[in-house]
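# Analysis of the macromolecular model
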Amino acid sequence: MGDHTVTTAVLSEGHARTDDLSIWPASTTRLTHGELAVGRVPLAEIADRFGTPAYVLDEGEVRERCRTYRDAFPEADVLYAAKAFLSRAMVRWVREEGLGLDVCSAGELELAVTAGFPPERIVLHGNAKSPRDLEAALRLGVGRIVIDSPSEIARIAAAVGAEGSQKVMVRVVPGVSAGGHDKIRTGTDDQKFGLSLTDGGAQHTITRVLGQPQLELTGLHCHIGSQITDVKPYLVALRRMVGLMSRVRDAHGVVLAELDMGGGHGIAYRPGEPALDLAALARRMRAELVEGCAAAGLAVPRLAVEPGRAIVGPAGVALYRVLTVKHTGEKVFVAVDGGMSDNPRPALYGVRYAPRLVGRTSTAGPGTATVVGRHCEAGDVLASDVELPGDIRPGDLLAVPVAGAYQLSMASGYNLVGRPAVIAVHEGTARTLVRRETLEDFRNRDVGA
Ligand code: LLP
């Protein structure tokens with residue numbers, strides 16, 4: 001993954017940095033005239049053929065990342081977290097690569113099942129499951145429902161019926177703070193997810209679930225946060241989860257067979273940023289699990305992990321056309337034909353991206369520019385103070401790597417700009433996975449008069 005040689009020797013330092021392809025899909029190659037190809041398809045060709053903004057998804061990179069997980073976690077279940085990005089093709093790739101799926105709504109669940117994903121390999125999450133979520137889960141035969149609130153126990157039991165049965169897990173808050181931003185830290189008691197280890201909420205919920213004959217408690221779940229680049233918080237959380245499993249055995253004589261440690265595996269958005277070391281995570285979680293269980297006299301449960309971002313993030317490239325370049329005082333604003341409606345992440349989490357000019361070479365020296373979107377607010381910034389060629393101009397193409405996760409899945413209808421198309425590239429061919437949203441789509445939903 002991402003093993004590119006950068007020819008730093010012949011380039012100035014500025015060029016070396018902007019020409020760094022280490023965070024791009026492994027299939028990325030340099031062509032002549034400043035062009036880049038991903039999956040053997042030139043990006044400028046995609047822009048011409050499919051229009052912009054376009055989200056380019058490298059099928060080979062997604063599949064390779066799935067395989068890397070399977071290889072790193074041979075004894076665990078790897079469930080792709082659909083919230084990062086979902087489409088029918090994605091469902092197929094993940095299924096063919098042998099992963100399971102984590103969904104958090106009837107929408108994600110129905111899309112996956114109607115695209116052929118086996119329901120028994122799907123886990124349903126959510127801090128507030130709607131009646132429709134639960135109805136779809138039971139109707140389609142979802143593998144596990146993760147209980148996030150005591151009130152769900154009676155609801156699920158009643159919906160299952162006296163004769164029925166449903167496998168469930170309980171989401172536990174292990175009291176570990178980790179994650180790339182406050183808004184995506186979920187391992188401590190001051191946020192809405194899960195049941196607390198420290199106030200006894202988790203233990204109480206487990207006791208109640210065990211008292212419901214229709215509910216089969218297969219194990220425990222935790223998800224401590226997202227964009228985590230260090231292994232340690234996972235080990236601390238795992239130790240606490242094993243401790244709880246051992247107390248459940250002591251209190252109820254029940255040995256839980258499964259432990260789902262969630263996702264959150266961090267990736268680099270810019271060259272040189274840290275990423276979670278997957279091999280180390282897998283090795284050290286395994287060692288911690290085996291040791292902890294031996295010390296507690298517990299049978300080793302089956303482990304599960306739920307990566308979303310690390311599977312699809314680096315496989316996506318966002319492609320924009322420059323519409324205007326404005327010099328104001330000290331600043332250069334490069335405005336493109338997308339923005340916060342396709343990528344709210346800089347505005348929400350202060351994430352920094354590394355856009356790059358593609359489709360032509362520039363002989364101009366590097367300059368500092370702020371890439372902004374076309375939406376009607378000043379916070380619509382895609383990348384502030386980045387290095388771009390000094391002669392950047394309208395009509396140019398900008399590509400933003402590491403765009404595959406939580407951009408399209410969080411896209412909005414703001415300003416009726418419409419959500420971009422998703423184009424899959426693979427071995428020299430490009431095809432539309434999700435078509436661009438059009439005025440027709442807006443008009444169709446707008447049924448009032
Ligand atoms: N499992 C559960 C229960 C989750 O809530 C999540 C993410 C995942 C797995 C996958 O986490 P990942 O491996 O993708 O980090 N919109 C934010 C990220 C929110 C993550 C929500 N839950 C962002 O753009 O950074």
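Preceding this paragraph is the structure being described.
Procedures and definitions
- Residues numbered from 1 in each chain as written.
- Predicted model: local features only at pLDDT ≥ 70, side-chain atom pairs only at ≥ 80, totals over all residues.
- Heavy atoms only, no water.
- Salt bridge = Lys/Arg side-chain N within 4 Å of Asp/Glu carboxyl O.
- Helix = DSSP H or I, 4+ residues; strand = E, 2+ residues; numbered from the N terminus.
- Buried < 20%, exposed > 50% of the residue type's maximum accessible area, 1.4 Å probe, protein only.
- Near = heavy atom within 4 Å.
- Polar contact = N/O pair within 3.5 Å; in protein donor to acceptor, adjacent residues only side chain to side chain.
- Nonpolar A, V, L, I, M, F, W, Y, C, P; charged D, E, K, R; others polar.
- Domains from an automatic or database assignment.
- Pairing = 2+ DSSP bridges.
- Phe/Tyr/Trp six-rings, centres within 6.5 Å; stacked < 30°, edge-to-face > 60°.
- Axes fitted to C-alpha atoms, helices over the stretch in contact; angles between N-to-C directions.
- Parallel < 35°, antiparallel > 145°, perpendicular 65-115°, else oblique.
- Left-handed = near helix turned anticlockwise from the far one by under 90°.
- Contact = heavy atoms within 4.5 Å.

## Some words on the pattern of salt bridges
It is possible for side chains of opposite charge to pair when their charged atoms get near one another. With the rule as written, the count across this model stands at 29 salt bridges. One salt bridge in this structure joins Asp19 and Arg30, with 2.9 Å as the shortest N-O distance. Pair noted here: Asp19 is in the loop between α1 (13-18) and β1 (29-30) and Arg30 is in strand β1, with a separation of 11 residues, a long-range link. Linking Lys129 and Glu152 is a salt bridge whose minimum nitrogen-to-oxygen distance equals 2.9 Å.

## Brief notes about unusual backbone geometry
For the bond running from Thr52 to Pro53, omega is -10 degrees, close enough to zero to count as cis. For Pro53, the location among the structural elements is in the loop between α2 (43-50) and β4 (54-58). Residue Glu427 is not a glycine yet carries a positive backbone phi of 45 degrees. Residue Glu427 is classed as exposed on the basis of its relative accessible area of 54%.

## Remarks on the site of the ligand
The full set close to the ligand counts 20 residues, and Ser226, Glu306, Arg309, Arg345 and Tyr406 are the nearest of them. A distance of 3.3 Å is found between an oxygen atom of the ligand and a side-chain nitrogen or oxygen belonging to Lys83. Between an oxygen atom of the ligand and a side-chain N or O atom of Arg345, the distance comes to 2.5 Å. Partitioned by chemical class, the residues of the shell around the ligand number six nonpolar, eight polar and six charged. Counting residues domain by domain, the shell around the ligand receives three or more from each of domain 1 (13-58 + 314-444) and domain 2 (73-307).

## Some remarks on the side chain of Asp396
One can find Asp396 in the loop between β18 (381-389) and β19 (397-401). A polar contact of 2.7 Å, which involves the side chain of Asp396, links it to the side chain of Arg360. From its side chain, Asp396 meets the backbone nitrogen of Arg393 in a polar contact 2.9 Å long.

## Some points on the sheet that holds strand β2 (residues 36-38)
Strand order in the open sheet formed by three strands is β1-β2-β3, and the pairing between neighbours is antiparallel. This sheet does not close on itself; its edge strands, each paired only once, are β1 and β3 (41-42). Of the strand pairs in this sheet, β2 and β3 are connected by two bridges, and their pairing is antiparallel. Bridge pairing in β3 links Val38 to Val41.

## Structural notes on the packing of aromatic side chains
Considering all chains together, one arrives at two aromatic pairs under this definition. With a centroid separation of 6.0 Å and 10 degrees between ring planes, the pair formed by Tyr69 and Phe73 is classed as stacked. A residue is classified by how much of its surface remains accessible, and Phe73, at 4% relative accessible area, is buried. Taking 5.4 Å as the distance between ring centres and 75 degrees as the angle between the ring planes, the aromatic pair formed by Tyr269 and Tyr353 counts as edge-to-face. Here Tyr353 lies in the loop between α12 (345-349) and β16 (356-358) and Tyr269 lies in the loop between β12 (258-260) and α10 (278-296), a separation of 84 residues in the sequence. As far as burial versus exposure is concerned, Tyr269 and Tyr353 are alike and both buried.

## Some details on the pairing of strand β20 (residues 421-426)
Each regular strand displays side chains that alternate between the two surfaces of the sheet. The buried fraction of β20 is high, at five of six residues. Alignment of β4 against β20, held across five bridges, turns out to be parallel. Note on β20: the bridge partner recorded for Ala54 is Ala421. Relative to strand β21 (residues 429-434), β20 runs antiparallel, the two being bridged by five bridges. Looking at β21, one finds that Ala424 is bridged to Arg431. Between β20 and β21, which pair antiparallel and follow one another directly, the connecting turn spans two residues, one of which, Glu427, has a positive phi of 45 degrees.

## Thoughts on the packing of helix α8 (residues 201-210) against helix α9 (residues 232-252)
Packing of α8 against α9 brings their axes to within 11 Å, and their N-to-C directions diverge by 50 degrees. Put simply, α8 runs oblique to α9. Viewed along their axes, α8 and α9 form a crossing whose handedness is right-handed. Contact residues: α8 offers Ala202, Gln203, Ile206, Thr207 and Leu210, while α9 offers Leu244, Arg247, Val248 and His252. In terms of residue class, the contact of α8 with α9 is made up of five nonpolar, three polar and one charged.

## Focus on the side chain of Thr28
You can see Thr28 is positioned in the loop between α1 and β1. Classification of Thr28 by relative accessible area gives buried; the value is 5%. There is a polar contact of 2.7 Å between the side chain of Thr28 and the backbone oxygen of Pro25.

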